[in-house]
Amino acid sequence: MTARGADGRLPWWATAILMPVLNVAVALALSALVILLIGEDPVGALGTMVVGAFGSGTGIGYTLYYATSLIFTGLAVAIAFHGGLFNIGAEGQAYIGGLGVGLACLALGGWPWWLALPVTVLAAMAFGGFWGLVPGWLQAYRGSHVVITTIMFNFIASALMVYLLVNWLIRPGQMSPESREIDPSLFLPKADEMLGALGLEVANSPLNLSFLLALLACVAVWLYVWHTRPGFALRTVGANEDAARYAGIDPKHVIIITMALSGGLAGLLGVNEIQGVQHRLLLNFPAGLGFTGIAVALMGRGHPAGIVPAAILFGALYQGGAELAFEYQTISPELVIVIQGVVILFAGALEHLFRPALLALFARRGKTKPVEA
Amino acid sequence: MTTLPLAAAQASPAPFAVELVDIDKRFGPVHANRAVTLRFAPGTIHGLVGENGAGKSTLMSILYGFYQADSGEIRVRGEPARISTPQDAIRLGIGMVHQHFMLVETFTVLENLLLGHEEGPLLGAAKARARGEVEALEKAFGLEVPLDAVVSDLPVGVQQRVEILKALYRGADVLILDEPTAVLSPPEVEQLFRILDRLRAEGRTILLITHKLKEIMAVTDRVSVLRQGAVVAEFDTAQTSQQAIADAMVGKKAVLTLDKAPATPGAPLLSVQGLTVVDGRGVETLSDATFQVRAGEVVGIAGVAGNGQSELLQALAGMLPFNAGRFTLAGTEVAAGSGYDAAKARALGVAHVPEDRLRLAVVKAFPAYQNAVLGWQGDKALGGWKLDWRKVMLKTAELMERFDVRPRAPSLRTSLFSGGNQQKLVMAREIDRNPDVLLVGQPTRGVDIGAIAFIHRQLLALRDAGKAILLVSAELDEIMALSDRILVMCGGRIVGELPAAEATEQRIGSMMAGIAEEPAGEGIRA
Amino acid sequence: MADSLLWLLSLLDSTARLAVPLLLAALAGFYAERAGIIALHLEGKMLAGAFAAAATAAVTGSAWLGLLAAIAASLALAAVHGFASISQRGNQVVSAVAINTVALGLTAVLANAWFQIGGRTPNLPADARFGEVTLPLAQSLSGVPVLGPIYAELVSGHNILVYLAFLLVPATAWVAYRTRLGLRLRAVGENPSAVDTAGINVARLRYQAVLIGGVLCGFAGAYLSTAQGAGFQTNMTAGKGYLALAALILGKWRPVPTLLACLLFAFADALQTRLQGVALPGIGQVPVQLIEALPYILTVLLLAGFVGKAVPPKAIGQPYVKDR
């Protein structure tokens with residue numbers, strides 16, 4: 001999808017940087033229109049958002065904390081894209097992945113966090129991966145489309161989590177459907193603690209070690225997709241299934257593996273949210289960040305180097321949006337969802353809208369050499 | 001019946017049913033039609049021949065309103081006509097039978113006929129009226145078609161008749177047929193020609209696009225030859241010969257004799273025994289194929305497209321599961337249902353240049369160097385767990401040099417290479433692997449003439465290096481020029497075998513038509 | 001006896017009410033998908049329609065103006081989907097996801113900004129909603145055993161959109177199979193090249209289909225907020241658009257089976273509220289969440305071919321590009 005949008009006739013930076021910037025500009029312009037429509041001042045609102053997201057240590061911490069989850073879900077959607085699969089189920093996979101983290105933490109009792117982390121990471125990937133693997137298997141062997149199946153799996157995950165929390169995991173004697181808190185020894189170190197140990201004073205925020213895990217996941221995905229044989233197989237299947245069969249690659253296997261990996265990456269959101277911040281299982285902790293992964297992946301053009309800045313941008317929108325809603329009674333935090341939708345529209349479905357104009361522009365300036373086709 | 005435009009044509013007799021004057025058309029850098037001027041007399045069958053890419057289909061698509069010419073004029077019955085949509089063409093009495101049928105497969109024949117010609121917002125009355133009219137047309141032209149059958153249930157030959165009927169029902173008195181025989185069996189071809197005769201007798205004009213000279217000689221009154229987008233010759237069919245037309249098509253004396261040393265075949269590298277493929281609908285598309293290919297020989301498979309050649313090639317390449325039989329490669333026997341796939345084929349020393357190169361052999365979105373290892377990505381020489389792309393790029397540059405792939409740009413996106421250069425890249429990749437057995441389909445389809453000779457020489461060099469080559473091609477000339485032995489397929493069976501020295505176009509032709517000469521294969525060591 | 005009949009009738013009655021938005025949206029999806037355009041955007045159109053209807057009805061006090069606004073909002077989103085899918089040949093799934101996302105965000109933002117009661121619209125008074133229509137003789141016939149209550153409870157006493165939705169099923173079937181428009185729509189979803197070469201404008205036809213769907217989704221949205229409910233709430237469709245699409249698939253892209261699928265989903269919904277805390281003989285207490293998830297599980301099973309095979313229109317999701 002996105003990663004294949006490039007056709008080689010534009011310089012790489014036009015496709016990789018200029019187009020996403022244009023898309024965000026359009027999205028922000030439309031949001032400004034919405035703010036005008038509401039009767040508020042767009043410039044002031046933008047200022048509030050920027051200050052809210054980057055103006056304080058806490059703000060930056062929150063921005064990066066949201067970005068952590070968005071990197072995981074963005075990578076999840078992107079890796080599926082490269083395999084020609086549109087995984088709309090990152091939300092549900094993250095939910096179930098978090099269940100894995102929570103159960104592992106509840107079972108591990110007083111383990112030190114650093115010993116438990118490999119277990120919780122594996123649990124997140126296994127649970128989330130399973131929730132992606134099943135739709136993958138259904139597409140590969142039963143021909144049901146992964147888009148519909150993953151949407152259905154989001155709803156099923158939601159019902160399942162309510163059932164488990166209400167009937168089994170709920171802390172006895174409590175009304176709200178939440179599990180007991182996990183042992184404090186399992187809490188992932190927060191950024192302020194870690195940097196504090198190094199003598200750096202930073203403000204308190206939910207940002208925690210998972211951010212480094214997210215960056216590590218970026219490197220792993222980059223290596224996997226572009227520098228390994230399974231990654232080559234993945235991209236081949238995504239671009240041309242017939243060519244894959246010609247090349248001796250079984251598309252069915254690739255689809256299943258890809259969906260499992262995609263779900264596994266989404267599941268890692270649970271490490272950030274459950275082990276890093278909430279410290280217990282509760283309802284709706286993915287809070288739409290799985291869906292936002294779609295916008296992050298599209299804007300990042302499917303590449304980790306694009307996904308990190310896209311995730312930080314959306315992290316900033318989440319954090320800045322919350323500040324905005326706090327400052328302005330009339331502007332609700334859902335504005336970030338509008339921006340997200342517009343970015344999906346322009347970076348995804350309308351990705352060719354600006355291309356002819358850009359092509360014409362570059363052709364006129366004679367910077368590209370047309371190749372005889 | 002009386003309302004057909006034919007009546008109008010007779011009322012004001014124009015000397016030509018359709019005239020194309022100075023038609024010019026470019027697709028980007030490709031000059032598809034160059035100042036083409038053609039005139040078609042009413043009540044004739046006019047052949048349009050030329051090699052692949054000569055511009056025949058583009059020209060007819062312009063006449064049918066699918067594309068607009070960049071310049072030039074179209075006249076219909078003497079009147080200048082603006083044809084900017086198929087709707088315009090239909091209104092002017094021009095109909096077209098496309099190579100890939102334009103039928104809605106889930107609809108009945110009658111619904112397909114009605115589509116776009118409903119005459120009113122409700123279907124009920126239209127259906128009743130159409131049924132009457134169509135039945136009259138069927139009788140008039142000997143086109144029998146079951147009107148209430150669902151199209152996907154009908155054999156190809158009948159579907160084609162539906163297409164012809166559709167054009168006639170919409171009032172076509174000029175009928176364009178694009179490669180109509182490519183998908184037909186010989187009896188179906190004969191039936192089609194009888195229908196065309198009948199249409200001509202009724203005063204309709206038929207434009208027949210083909211690259212099969214035999215058909216041109218059999219049915220046309222006049223023939224125009226296109227080469228590289230321009231008309232290079234026109235003949236009265238009765239006063240010309242296949243040779244003359246062929247010479248005009250190729251632009252030089254059409255001798256495709258290569259400088260070919262006699263083969264020195266060694267031991268069999270590929271032995272096939274009773275290979276059978278049954279398709280999804282239960283039809284046997286390949287029946288009991290038995291033959292060998294020995295080291296140092298080229299075995300060519302001749303046949304009308306769709307007679308089992310593709311299935312044979314794909315089954316051997318591991319892309320199509322086969323249902324019965326077995327074959328031996330490098331001493332390893334492969335049986336039906338053994339999970340043989342393209343990866344296993346390569347492990348057994350098979351390389352494969354597929355017929356449908358653009359769809360199968362390259363991923364167009366990849367840079368060229370990544371396609372240069374497609375299929376061979378498992379090779380340990382490409383690196384450990386991490387692929388060494390730098391090395392691959394160097395290797396690709398070397399292959400591009402050796403096989404003259406232009407431009408020599410390993411990291412250029414593959415879709416930006418021309419078809420011929422993509423084919424050379426695929427050839428380079430497969431031949432460079434030094435396979436024991438090379439399966440090659442349509443090696444020069446869509447390739448420009450300069451590159452054809454080059455590709456042919458590469459194939460012969462591989463043969464002379466003691467490898468076995470199985471060649472499938474729709475071009476009989478190519479088969480005859482390259483092969484040491486020729487197998488002829490018809491109806492999914494190998495119906496005959498000829499040593500190259502004894503092969504003539506006539507003998508192969510009659511075998512292709514299903515008249516078996518001699519039993520296939522010789523003694524087989526399984 | 002009479003009690004259980006009434007219990008059953010009230011169950012069926014709520015089934016009918018709950019089926020209406022699904023049905024209207026599914027029929028909207030029918031037109032788009034049969035014409036080859038993926039209708040994953042039903043959710044967003046319905047939500048936008050629901051908000052537009054409630055907001056307009058709240059301000060003007062007229063349910064009918066609300067309905068018009070719902071149709072306009074839904075049409076606007078349909079046009080965006082059409083532009084992205086047909087004119088720009090973009091990815092239809094991505095376009096639909098974008099539309100759903102924008103609708104979710106925008107309705108919440110505007111509701112909050114305009115009414116300032118936490119992303120809702122004010123509660124609508126009865127005369128700003130579609131009221132119940134009592135069919136003739138409902139009162140006088142209610143004394144007739146069995147048939148009387150059925151007529152009075154189940155058939156009579158719904159709002160006009162309910163009757164419209166159910167009438168649209170035969171109407172859609174008639175359009176699809178008995179009219180020129182239907183023939184062309186079904187053809188363009190199977191083989192757009194055949195339509196193009198027959199001299200019909202493929203893009204225009206597909207826009208028509210998508211816009212018809214826009215109108216129907218407007219009805220569905222207005223029903224949610226001004227007939228079934230009395231105002232808009234953030235994300236009030238809660239996946240109904242996806243369920244409608246699932247019903248369309250379950251109904252194998254045919255009107256009457258789609259109706260049955262909608263009724264099945266609605267029945268599960270109606271049952272769920274009635275089964276809360278009830279122990280069934282032999283089974284015990286069925287988790288509410290299981291019944292809630294039943295439509296989704298059913299859809300997955302059907303798509304996987306475990307409950308019959310669904311064959312989608314052949315050209316669905318593929319942008320039409322003229323081919324040489």
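Residues numbered from 1 in each chain as written. Chains lettered and ligands numbered in written order. Predicted model: local features only at pLDDT ≥ 70, side-chain atom pairs only at ≥ 80, totals over all residues. Heavy atoms only, no water.

### Structural notes on the overall build of chain C
Alright, step 1. Helix and strand content of chain C: 13 helices and 4 strands.
Alright, step 2. For 324 residues, the compact-globule estimate of 2.2 N^0.38 gives 20 Å, and chain C sits close to it at 20 Å.
Alright, step 3. Referenced to the eigenvectors of the C-alpha coordinate spread, the extents of chain C come out at roughly 70 × 50 × 40 Å.
Alright, step 4. In chain C, the proportion of contacts linking residues at least 24 apart, taken out of those at least 6 apart, comes to 76%.
Alright, step 5. With the model as given, the accessible surface of chain C reaches about 12400 Å², and the carbon-plus-sulfur share is 65%.
Alright, step 6. The positive charge centre, built from 20 side chains, and the negative charge centre, built from 12, are 14 Å apart in chain C. (Helix = DSSP H or I, 4+ residues; strand = E, 2+ residues; numbered from the N terminus. Rg over C-alpha atoms; globule rule 2.2 N^0.38 Å. Contact = heavy atoms within 4.5 Å. Areas by Shrake-Rupley, 256 points an atom, 1.4 Å probe, with all protein chains shown as cover. Lys, Arg positive; Asp, Glu negative; His and termini not counted. Charge placed at Lys NZ, Arg CZ, Asp CG, Glu CD.)

### Examining the overall build of chain B
Alright, step 1. On a plain count of helices and strands, chain B comes out with 18 helices and 20 strands.
Alright, step 2. The C-alpha atoms of chain B give a radius of gyration of 25 Å, which matches the 24 Å a tight globule of 526 residues would have.
Alright, step 3. Looking at chain B as a whole, 54% of its 526 residues are labelled buried.
Alright, step 4. Of all intrachain contacts in chain B linking residues separated by at least 6 positions in sequence, the fraction that spans at least 24 positions is 65%.
Alright, step 5. Treating the 55 positive side-chain charges of chain B as one cloud and the 61 negative ones as another, the clouds have centres 6 Å apart. (Buried < 20%, exposed > 50% of the residue type's maximum accessible area, 1.4 Å probe, protein only.)

### Section: the packing of aromatic side chains
Alright, step 1. Counted according to the given criterion, the structure contains 24 aromatic pairs over all chains.
Alright, step 2. With centroids separated by 4.4 Å and ring planes inclined at 10°, the aromatic side chains of A:Phe155 and C:Tyr296 adopt a geometry described as stacked. Taken as a pair, A:Phe155 in helix α6 (residues 146-169) and C:Tyr296 in helix α13 (residues 288-303) lie in two separate chains rather than in one. Each member of the pair, A:Phe155 together with C:Tyr296, is buried.
Alright, step 3. For B:Lys25, the ring lying beneath its charged end belongs to B:Phe27, and the centroid distance is 5.1 Å.
Alright, step 4. Here B:Arg346 stacks its cationic end above the ring of A:Tyr246, 4.7 Å away from the centre of that ring. (Phe/Tyr/Trp six-rings, centres within 6.5 Å; stacked < 30°, edge-to-face > 60°. Lys NZ or Arg CZ within 6 Å of the ring centre and 35° of its normal.)

### Details of the interface of chain C and chain A
Alright, step 1. Counting residues at the interface gives 44 residues for chain C, matched by 42 residues for chain A.
Alright, step 2. Here chain C and chain A share an interface that buries about 3500 Å² over both sides, 80% of which is from carbon and sulfur atoms.
Alright, step 3. The interface formed by chain C and chain A includes 0 salt bridges.
Alright, step 4. Joining chain C to chain A, the criterion identifies 2 residue pairs in polar contact (both at pLDDT 80 or more).
Alright, step 5. Mapped onto the side of chain C that touches chain A, the elements with two or more residues apiece are α3 (63-87), α4 (92-115), α11 (240-250) and α13 of chain C. (Buried area = accessible area lost by both parts, 1.4 Å probe. Salt bridge = Lys/Arg side-chain N within 4 Å of Asp/Glu carboxyl O. Polar contact = N/O pair within 3.5 Å; in protein donor to acceptor, adjacent residues only side chain to side chain.)

### A few points about the domain arrangement of chain B
Alright, step 1. Segmentation of chain B into domains returns domain 1 (6-250), domain 2 (264-349 + 437-444 + 466-526) and domain 3 (355-434).
Alright, step 2. The C-alpha-based centres of domain 1 of chain B and domain 3 of chain B are spaced at 40 Å. (Domains from an automatic or database assignment.)

### A word on the packing of helix α5 (residues 113-142) of chain A against helix α11 (residues 251-267) of chain A
To describe two helices that pack against each other, one gives the angle between their axes and the distance between the axes.
All names here are of chain A.
Alright, step 1. At their nearest, the axes of α5 and α11 sit 6 Å apart, and the two run at 150° to each other. Considering their axes alone, α5 and α11 lie roughly antiparallel with respect to each other. Here α5 and α11 pass one another in a crossing that is right-handed. Facing α5, whose interface residues are Ala-124, Met-125, Gly-128, Gly-129, Gly-132, Leu-133, Pro-135, Gly-136, Trp-137, Gln-139, Ala-140 and Tyr-141, α11 presents Lys-252, His-253, Ile-255, Ile-256, Met-259, Ala-260, Gly-263, Gly-264, Leu-265 and Gly-267.
Alright, step 2. Partitioned by chemical class, the residues of the contact of α5 with α11 number 12 nonpolar, 9 polar and 1 charged. (Axes fitted to C-alpha atoms, helices over the stretch in contact; angles between N-to-C directions. Parallel < 35°, antiparallel > 145°, perpendicular 65-115°, else oblique. Left-handed = near helix turned anticlockwise from the far one by under 90°. Nonpolar A, V, L, I, M, F, W, Y, C, P; charged D, E, K, R; others polar.)

### Thoughts on the interface of chain C and chain B
Alright, step 1. Of the residues lining the interface, 24 residues belong to chain C; the matching set on chain B comes to 28 residues.
Alright, step 2. Both faces combined, the contact of chain C with chain B buries some 2200 Å², and carbon together with sulfur accounts for 59% of it.
Alright, step 3. Counting across the interface, chain C meets chain B through 3 salt bridges.
Alright, step 4. When the shortest N-O distance is used, the salt bridge between C:Lys314 and B:Glu105 registers 3.0 Å.
Alright, step 5. Counting across the chain C and chain B interface gives 6 residue pairs in polar contact (both at pLDDT 80 or more).
Alright, step 6. Contributions of two or more residues to the side of chain C that touches chain B are made by α7 (160-178), α8 (180-190) and α9 (192-197) of chain C.
Alright, step 7. If you tally residues by element for the side of chain C that touches chain B, the top one is α8(C), at 6 residues.

### With respect to helix α3 (residues 57-82) of chain A
All names here are of chain A.
Alright, step 1. In this model, α3 (26 residues) spans 36 Å end to end at C-alpha, consistent with the 38 Å of a helix rising 1.5 Å per residue.
Alright, step 2. Counting buried positions along α3 yields 22 of 26 residues, so the element is predominantly enclosed.
Alright, step 3. Backbone geometry just downstream of α3 places Gly-84 in the positive-phi region, at approximately 75°. (Expected span 1.5 Å × (residues − 1).)

### Remarks on the pattern of salt bridges
Alright, step 1. Following the criterion strictly, the structure yields 43 salt bridges over all chains and no others.
Alright, step 2. One salt bridge connects B:Arg463 with B:Asp484, and the closest N-O pair in it is separated by 2.8 Å. You can see B:Arg463 sitting in helix α16 (residues 449-464) and its partner B:Asp484 sitting in the loop between α17 (476-482) and β19 (485-490), a full 21 residues away along the chain. B:Asp484 shares its class with B:Arg463; the two are buried.
Alright, step 3. Put simply, C:Glu132 and C:Arg17 hold a salt bridge, and the shortest N to O gap is 3.9 Å. With C:Glu132 in strand β1 (residues 132-133) and C:Arg17 in helix α1 (residues 2-34), the pair connects residues that are 115 residues apart, well separated along the chain.
Alright, step 4. Classification of C:Arg17 as partly exposed rests on a relative accessible area of 25%.
Alright, step 5. Taken together, the salt bridges that share partners define one network made up of B:Glu401, B:Asp404, B:Arg406, B:Arg408 and B:Lys424.

### Regarding the environment of A:Ala159
Alright, step 1. Counting through the fold element by element, A:Ala159 comes out in helix α6.
Alright, step 2. Judged by relative accessible area, A:Ala159 falls into the buried class, the value being 8%.
Alright, step 3. When neighbours within four sequence positions are excluded, A:Ala159 is seen to be in contact with C:Gln289, C:Glu292 and C:Ala293.

### A few points about empty space enclosed by the protein
Residue and element names in this part refer to chain B.
Alright, step 1. Scanning the model with the defined rule gives 5 cavities of 30 Å³ or more in all.
Alright, step 2. Of the volumes computed, that of the largest cavity is approximately 100 Å³.
Alright, step 3. When residues of the lining of the largest cavity are traced back to their parent elements, those giving at least two are β6 (94-97) and α6 (156-169).
Alright, step 4. Taken together, the residues of the lining of the largest cavity break down into 7 nonpolar, 3 polar and 3 charged.
Alright, step 5. Computed from the structure, the second largest cavity encloses a volume of approximately 70 Å³.
Alright, step 6. Tallied by class, the residues present in the lining of the second largest cavity amount to 4 nonpolar, 3 polar and 2 charged. (1 Å grid on protein atoms, 1.4 Å probe; cavity = no way out; pocket = protein on both sides within 12 Å on 5 of 7 lines; lining within 4 Å. Points joined across faces, edges and corners; volume = space filled by probe spheres on them.)

### A look at the sheet that holds strand β5 (residues 79-81) of chain B
Residue and element names in this part refer to chain B.
Alright, step 1. Strand order across the open sheet formed by 4 strands is β2-β1-β4-β5, with antiparallel pairing between neighbours. In this open sheet, the two edge strands, each paired with only one partner strand, are β2 (30-40) and β5. The sheet shows a mean angle of 30° between the axes of neighbouring strands, taken without regard to direction.
Alright, step 2. Strands in contact with helix α2 (residues 56-63) are β1 (18-27), β2 and β4 (71-76); relative to β1, the strand with the most contacts, it is inclined by about 115°. (Pairing = 2+ DSSP bridges.)

### Section: a nonpolar patch on the surface
Alright, step 1. A cluster of nonpolar side chains, namely A:Phe130, A:Leu133, A:Trp137, A:Tyr141, C:Leu301 and C:Phe306, defines an oily patch on the protein surface of about 570 Å² accessible area.
Alright, step 2. Secondary-structure assignment places A:Trp137 in helix α5.
Alright, step 3. Classification of A:Trp137 by relative accessible area gives partly exposed; the value is 36%. (Patch = residues over 30% accessible without salt bridge, like charges linked within 9 Å, V, L, I, M, F, W, Y side chains within 5 Å.)

### Quick word on the pairing of β19(B)
All names here are of chain B.
Alright, step 1. Counting buried positions along β19 gives 6 out of 6 residues, so the element sits mostly inside the fold.
Alright, step 2. Burial along β19 is two-sided: the residues Arg-485, Leu-487 and Met-489 and Ile-486, Val-488 and Cys-490 are all buried.
Alright, step 3. Here strand β13 (residues 297-302) pairs with β19 via 4 bridges, running parallel. Bridge pairing links Gly-300 to Ile-486 in β19.
Alright, step 4. Note that β19 and strand β20 (residues 493-499) share 6 bridges and pair antiparallel. The residue bridging Val-488 from the neighbouring strand is Gly-496, located in β20.

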